[in-house]
Amino acid sequence: MEENIAVKPDKKKIALKILKQYAVITLGCIIYSLGISLFITPADLSAGGMTGISIIFSTFIPLPQGIILVILNIPMLILGLIFFGWKFLISTGYATVGSSLLMTLWEYVFGEKCLNILPITQKASPASAILIGAVVGGVLFGAGMGLIFRMGASTAGTDIIVKLLRKKFRHLKTGMISLVTDMTIVSCSLFVNGYNIEKLFYTAISTVVFTMVFDWVLYGGNSAKTVFIITAKEKCESVINRILKDIDTGATVVDAKGAYTKDEKVMIMCVVKPFLYPRLRDVVHEEDKKAFMIVSSAKEIYGEGYQNPEDAEL
C-alpha cells in the first residue's frame with residue numbers, strides 16, 4: 001500500500017532565498033536613491049514615476065522629498081495589496097520606505113549640513129554638469145529599479161500601474177510602458193518649472209537612459225545563445241559528455257537524418273550564457289571537426305538556471 005508522504009519545505013533554503021531577495025532589493029534601493037539624490041535632483045531635472053511627481057510636489061511643499069514620496073505611495077500600496085497580494089506589498093513597502101529614507105539620508109549626508117558636496121558636479125561646466133546628471137542619474141536610477149523589479153518588488157507609485165498594464169499588454173516590455181508614463185509626467189513638470197527646452201531635452205535623455213538600463217537589468221540577464229549541433233552518431237556521446245562536463249549545462253538530443261546523404265545524425269540542442277558560448281564552440285570543434293552548428297540569440301528563457309515562469313509579467 002503506497003502512502004503519500006508530504007515533502008517538508010526546506011526552511012534553510014527558503015530563508016536564504018528571502019535573504020538574497022531582500023539583499024538585492026536593498027542594493028537596488030541604494031543605487032536608485034543615489035541616482036536621484038546625487039544627480040537627478042541636483043541637476044534640477046524631472047524624473048518619471050512617483051519620484052518625478054514627488055520632485056514636482058517638493059517645489060510647493062516644505063518637506064523632504066523622501067517623506068513626500070512615502071505619503072504619495074500609500075494609496076498605491078493599497079492598490080498593490082488588492083491586485084498582487086501580501087508578499088508583493090511587504091517587499092514593495094520595504095523598497096518604498098527604504099529608498100525614501102535613503103534619499104532623505106543622502107540629502108543630509110551630502111548636503112549643507114554635512115559634507116556639502118551637492119551638486120556633486122559643481123566643478124564641471126554648467127552644460128557638462130547637467131549632462132552628467134542626466135546620464136549618470138538615469139543609469140543609476142534604471143539599474144536600481146531593475147534590481148528591485150527583478151526581485152518581484154517595486155517602489156510603489158506608478159510602478160504598480162505599470163505592472164498592471166504589463167499584465168494587460170504582455171507584448172510590451174515593462175521599460176516601454178514605463179517610458180510612456182514617465183514622459184507624460186515629465187511633460188506635466190513643464191507647467192511647474194516653466195517651459196525650459198534645455199531641461200526638457202536633458203530630462204528626456206535621462207528618461208531614455210533609464211529605460212534602456214532598466215530593461216537591460218530586468219531582461220538582459222535572461223539572454224543566452226541557442227545552439228543546435230548536428231553531429232555523427234558515433235561522435236554524439238563524446239560531444240555530449242564534454243558539454244555536460246566542461247560547460248556544465250544540459251542538452252536535448254534528437255535523432256536526425258541527412259536529407260541528401262540519408263546518413264543517420266544526431267542533433268544536440270543546448271542553451272548557454274553568452275560568455276560560455278566560445279568555450280562550447282571549441283569543445284564541439286575538438287570532438288567533431290565536421291559538426292554543423294546553428295547559433296541564434298535567445299532573449300528570454302524560462303526554466304531552471306534562467307528566468308522563473310512566474311516572472312513573465314515583469
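Attention in this report is confined to the structure presented alongside it. Note that the structure is predicted; figures quoted are calculated from it, not measured.

1. Digging into the overall build of the chain
Scanning the chain from terminus to terminus reveals 10 helices and four strands. For the chain, the α and β elements follow one another from N to C terminus as α-α-α-α-α-α-α-α-β-α-β-β-α-β. Looking at the 314 residues of the chain, the share that counts as buried comes to 40%. Long-range contacts, defined here as pairs at least 24 residues apart, represent 74% of the contacts in the chain between residues at least 6 apart. When the accessible area of the chain is evaluated, it comes to approximately 17,800 Å², of which 65% is carbon and sulfur surface.

2. As for the pattern of salt bridges
Applying the stated criterion across every chain, the model contains five salt bridges. Residue Glu 286 pairs with Arg 242 through a salt bridge whose shortest N-O separation is 2.8 Å. Taken together, the residues Glu 286 in helix α10 (residues 277-287) and Arg 242 in helix α9 (residues 233-247) connect sequence positions 44 residues apart. Assessed through its relative accessible area of 43%, Glu 286 is described here as partly exposed. When its relative accessible area of 18% is taken as the criterion, Arg 242 is described as buried. Its salt-bridge partner being Arg 279, residue Glu 286 comes within 3.8 Å of it at the nearest N-O pair. Overlapping salt bridges bring together Arg 242, Asp 246, Arg 279, Glu 286 and Glu 287 as one network.

3. Some words on the packing of aromatic side chains
As enumerated under the stated definition, the model contains seven aromatic pairs in all. Both rings, one in Phe 141 and one in Phe 210, keep their centres 4.7 Å apart while their planes meet at 40°; by these two values the pair is tilted. Note that Phe 141 is positioned in helix α5 (residues 126-150) and Phe 210 in helix α8 (residues 197-219), a separation of 69 residues in sequence. Owing to a relative accessible area of 7%, Phe 141 belongs among the buried residues under this scheme. The class of Phe 210 is buried, set by a relative accessible area of 5%. Look at Phe 149 and Phe 214: their rings are 5.2 Å apart centre to centre, the planes differ by 80°, and that puts the pair in the edge-to-face class. In this pair, Phe 149 sits in helix α5 while Phe 214 sits in helix α8, placing the two residues 65 residues apart along the sequence.

4. Looking at the nonpolar core
Counting 27 residues, the largest nonpolar core has Tyr 32, Ile 36, Ile 40, Leu 45, Phe 141, Met 145 and Phe 214 as its most contacted members. Listed by contribution, the elements that provide at least two residues to this core are α1 (11-40), α2 (49-58), α3 (65-84), α4 (86-109), α5 and α8. Counting 16 residues, the second-largest nonpolar core is a separate cluster that includes Ile 229, Val 239, Ile 243 and Leu 280.

5. Let's talk about unusual backbone geometry
Non-glycine residue Asp 248 carries a positive phi angle of around 55°. Relative to the helices and strands, Asp 248 is located in the loop between α9 and β2 (252-257). What makes Asp 248 exposed here is its relative accessible area of 67%. If you check the backbone angles, Lys 262 has positive phi at about 65° while not being a glycine. When you line up the elements, Lys 262 lands in the loop between β2 and β3 (264-272).

6. Re the side chain of Thr 249
Tracing the sequence through the fold places Thr 249 in the loop between α9 and β2. For Thr 249, a relative accessible area of 16% translates into the label buried. At a separation of 3.2 Å, a polar atom in the side chain of Thr 249 contacts the main-chain carbonyl oxygen of Val 271. When near neighbours in sequence (up to four residues on either side) are disregarded, Thr 249 contacts Ile 243, Leu 244, Val 271 and Val 272.

Scoring rules and cut-offs
- Residues numbered from 1 in each chain as written.
- Predicted model: local features only at pLDDT ≥ 70, side-chain atom pairs only at ≥ 80, totals over all residues.
- Heavy atoms only, no water.
- Helix = DSSP H or I, 4+ residues; strand = E, 2+ residues; numbered from the N terminus.
- Buried < 20%, exposed > 50% of the residue type's maximum accessible area, 1.4 Å probe, protein only.
- Contact = heavy atoms within 4.5 Å.
- Areas by Shrake-Rupley, 256 points an atom, 1.4 Å probe, with all protein chains shown as cover.
- Salt bridge = Lys/Arg side-chain N within 4 Å of Asp/Glu carboxyl O.
- Phe/Tyr/Trp six-rings, centres within 6.5 Å; stacked < 30°, edge-to-face > 60°.
- Core = buried A, V, L, I, M, F, W, Y, C linked by side-chain atoms within 4.5 Å.
- Polar contact = N/O pair within 3.5 Å; in protein donor to acceptor, adjacent residues only side chain to side chain.

Scope: geometric values only; no functional claims are made or implied.
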